[in-house]
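# Report on the structure
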Amino acid sequence: MKPYTLGFVGAGNMAQAIINGAIKATIAQAKQIHVYDVDEAKTKGIAQNLGVHNVRSIAALCESSDIVVLAVKPNVIAAVLEDIKIYIGSKPVVSIAAGWSADMIAQIIGTDKCVCRLMPNTPLMVGEGMSVFEIPCSLPKEEMAFIEHIFSSLGAIAYAPQKAMDAVTAVSGSGPAYVFMFIEALSDAGVLCGLPREQATLLAAQTVMGAAKMVLETGSHPGVLKDAVCSPGGTTIEAVKSLEHDGFRGTVIKAVEKSAKKSKMLSQI
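Residues numbered from 1 in each chain as written. Predicted model: local features only at pLDDT ≥ 70, side-chain atom pairs only at ≥ 80, totals over all residues. Heavy atoms only, no water.

## Topic: the overall build of the protein chain
Helix and strand counts for the protein chain come out as twelve helices and eight strands. A principal-axis box enclosing the C-alpha atoms of the protein chain has dimensions of 65 × 40 × 35 Å. When burial is assessed residue by residue, the protein chain has 39% of its 269 residues classed as buried. Of all intrachain contacts in the protein chain linking residues separated by at least 6 positions in sequence, the fraction that spans at least 24 positions is 62%. A total of about 14,900 Å² of accessible surface is found on the protein chain, and carbon and sulfur atoms cover 60% of it. Of the side chains in the protein chain, 23 bear a positive and 24 a negative charge, and the two mean positions are spaced by 2 Å. (Helix = DSSP H or I, 4+ residues; strand = E, 2+ residues; numbered from the N terminus. Buried < 20%, exposed > 50% of the residue type's maximum accessible area, 1.4 Å probe, protein only. Contact = heavy atoms within 4.5 Å. Areas by Shrake-Rupley, 256 points an atom, 1.4 Å probe, with all protein chains shown as cover. Lys, Arg positive; Asp, Glu negative; His and termini not counted. Charge placed at Lys NZ, Arg CZ, Asp CG, Glu CD.)

## Quick word on the pairing of strand β6 (residues 115–119)
Along β6, five of the five residues are buried, which leaves the element largely enclosed by surrounding structure. In β6, alternate side chains face the same way, and those of V115, R117 and M119 on one face and C116 and L118 on the other are all buried. Here strand β5 (residues 93–95) pairs with β6 via three bridges, running parallel. Residue pairing for β6: V93 is matched across the bridge by V115. At this point the chain moves from β5, through helix α5 (residues 102–109), to the parallel β6, and the crossover so formed is right-handed. (Pairing = 2+ DSSP bridges. Right-handed = clockwise from strand over helix to strand, strands pointing away.)

## Re the pattern of salt bridges
Summed over the entire model, instances satisfying the criterion amount to eight salt bridges. With its nearest N and O atoms 2.9 Å apart, the salt bridge here joins E134 to R117. Taken together, the residues span a long stretch of sequence, with E134 in strand β7 (residues 129–135) and R117 in strand β6 at a distance of 17 residues. Judged by relative accessible area, E134 falls into the buried class, the value being 4%. With a relative accessible area of 3%, R117 lands in the buried category. (Salt bridge = Lys/Arg side-chain N within 4 Å of Asp/Glu carboxyl O.)

## Observations regarding α5
With six of eight residues buried, α5 is to be regarded as a mostly interior element. Within α5, the full set of buried residues consists of A102, M104, I105, A106, I108 and I109. In this structure, the buried residues of α5 make contact with α4 (77–84), β5, β6 and β7. Once α5 finishes, G110 follows within two positions and takes phi at roughly 125 degrees, a positive value.

## Considering the packing of aromatic side chains
The tally for this structure, following the rule as stated, stands at four aromatic pairs. Where F133 meets F151, the ring centres are 6.1 Å apart and the plane angle is 90 degrees; that geometry is what we call edge-to-face. With F133 in strand β7 and F151 in helix α6 (residues 141–152), this residue pair connects regions lying 18 residues apart in the sequence. With relative accessibility at 0%, the residue F133 sits in the buried group. By relative accessible area, F151 is classed as buried at 3%. (Phe/Tyr/Trp six-rings, centres within 6.5 Å; stacked < 30°, edge-to-face > 60°.)

## A closer look at a nonpolar patch on the surface
A contiguous nonpolar surface patch, about 390 Å² in accessible area, is contributed by F182, L186, L243, F248 and V252. Counting only elements with at least two residues in the nonpolar patch, the list comes to α8 (175–192) and α12 (248–266). Secondary-structure assignment places F182 in helix α8. (Patch = residues over 30% accessible without salt bridge, like charges linked within 9 Å, V, L, I, M, F, W, Y side chains within 5 Å.)

## Quick word on α8
Its 18 residues give α8 an end-to-end C-alpha distance of 26 Å, which sits within 8% of 26 Å, the value for a rise of 1.5 Å per residue. The set of residues buried in α8 consists of G175, P176, I183, S187 and G190. Projection of α8 onto a plane perpendicular to its axis shows the buried side chains occupying an angular sector of 110 degrees, all on one side. Residues of α8 that are exposed and point over 90 degrees away from its buried face: M181, E184 and L192. Packed against the buried residues of α8 are α7 (165–173) and α9 (197–218). One or two residues past the end of α8 sits G194, with phi positive at roughly 110 degrees. (Expected span 1.5 Å × (residues − 1). Arc of directions from axis to C-beta.)

## Examining the environment of V76
With respect to the element layout, V76 can be found in the loop between β4 (67–70) and α4. The partly exposed category is assigned to V76, whose relative accessible area is 34%. Measuring from C-alpha to C-alpha, the distance between V76 and S138 comes to 23 Å, with 62 residues separating the pair along the chain.

## Remarks on the environment of S267
Note on placement: S267 falls in the segment after α12. What makes S267 partly exposed here is its relative accessible area of 25%. Each C-alpha atom, one on S267 and one on P74, is 8.7 Å from the other, the two residues being 193 residues apart in sequence. Each residue touching S267, except ones within four places of it in the same chain, is listed here: G99 and M104.

Structure representation (structure tokens):
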């Protein structure tokens, strides 16, 4: 596979995780990666830590890169696109901004441009991310394979049509925050019941990780796995009854629905 030169606009946590993962997986070398951010302290830091090139302008980034990766927040992507469209030429663009479809991006930088939009999530920082590519994608076959290789080295990848990407954002893009809240609540409950905080958090986090792995590796429906833990008249079914009584499922579903609506609103800004 050809070693493409990558140019990252944005040097936040997600960009650093992607860059670090690509380097660790030997998909790209540090010398093949250029980074630009309006916060020069960030780019200096990432250059020192990972050995990538710190560039000081959008023009320099586009000139030195084969593929440009937009690792910026949705509230600034419109301005970034206006900046890069002058310099991008025919180079492919990859975006991880929530709410912005490939079509929306192309409307600003040019409908003749090759654009790939995907929605990763923060667990890619520990090699367990979920990255979903919007399809169809206009990246050439070789460049697309290169990008897929990077994200598959950081966890799992999947594909979804544009109309499903708001739901993707709400479930897997934002999902880690819901899970962190659940782990925190489970840990709080352990402390309430007498466990030391450190132990309660370990028990909660490992339990969530193990349960998720069972879903993925057994292929069983979560409800079937839940039933297998619930002994007749036992402690687990008592807790499940309480969760159901207090609207646990409905609360989660409502939150995801609101997140999806917010993602859709971002595309209308």
